[in-house]
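# Notes for the structure review
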Amino acid sequence: MKCPICKKTTVWEGNPDRPFCSERCRIIDLGNWSAEDYRVETALPDTEEKAEIPHE
Ligand SMILES: [Zn+2]
């Protein structure tokens, strides 16, 4: 079968990242549909940390 991300032929058996060819393609696919949620989730602690360290 083929990796849905890079269209490279990939093995199914013994492949922990199936149906993708590699962990990279798996993460790319994950990012495709959860990018918005992920951004919202990480935005809060990130801005909090930045506000706590005024560097100037
Ligand atoms: Zn791939």
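This text goes with the structure placed above it.
How each quantity is defined
- Residues numbered from 1 in each chain as written.
- Predicted model: local features only at pLDDT ≥ 70, side-chain atom pairs only at ≥ 80, totals over all residues.
- Heavy atoms only, no water.
- Salt bridge = Lys/Arg side-chain N within 4 Å of Asp/Glu carboxyl O.
- Buried < 20%, exposed > 50% of the residue type's maximum accessible area, 1.4 Å probe, protein only.
- Helix = DSSP H or I, 4+ residues; strand = E, 2+ residues; numbered from the N terminus.
- Polar contact = N/O pair within 3.5 Å; in protein donor to acceptor, adjacent residues only side chain to side chain.
- Donors = N, O, S within 2.8 Å, 3.2 Å for Na, K, Ca; no water.
- Tetrahedral: all angles 85-135°; square planar, octahedral: opposite > 155°, others 65-115°.

### A short note on the pattern of salt bridges
Enumeration according to the criterion identifies two salt bridges in this entry. A salt bridge links D17 to R26; its shortest N-O distance comes to 2.8 Å. Given the relative accessible area of 12%, D17 is considered buried. With a relative accessible area of 34%, R26 lands in the partly exposed category. Here E23 and R26 are joined by a salt bridge, their closest N and O atoms 3.9 Å apart. Taken together, the positions of E23 and R26, both in helix α1 (residues 23–52) and three residues apart, correspond to about one turn of that helix. Exposure remark for E23: the relative accessible area of 45% places this residue in the partly exposed category. Connected via shared salt-bridge partners are D17, E23 and R26.

### A look at the environment of R18
Positionally, R18 belongs in the segment before α1. The exposure class of R18 is partly exposed, given its relative accessible area of 40%. Here the alpha-carbon distance between R18 and K2, two residues 16 residues apart in the chain, equals 9.7 Å. Separated by 3.3 Å, the side chain of R18 and the backbone oxygen of W12 make a polar contact.

### A look at the coordination of the zinc ion
With distances of 2.3 to 2.4 Å, the protein atoms coordinating the zinc ion are C3 (SG), C6 (SG), C21 (SG) and C25 (SG). Taken together, the four donor atoms coordinating the zinc ion and their angles of 104 to 119° define a geometry best described as tetrahedral. All donors of the zinc ion come from a single chain, and their spacing in sequence reads C-x2-C-x14-C-x3-C. You can see C6 sitting in the segment before α1 and its partner C21 sitting in the segment before α1, a full 15 residues away along the chain.

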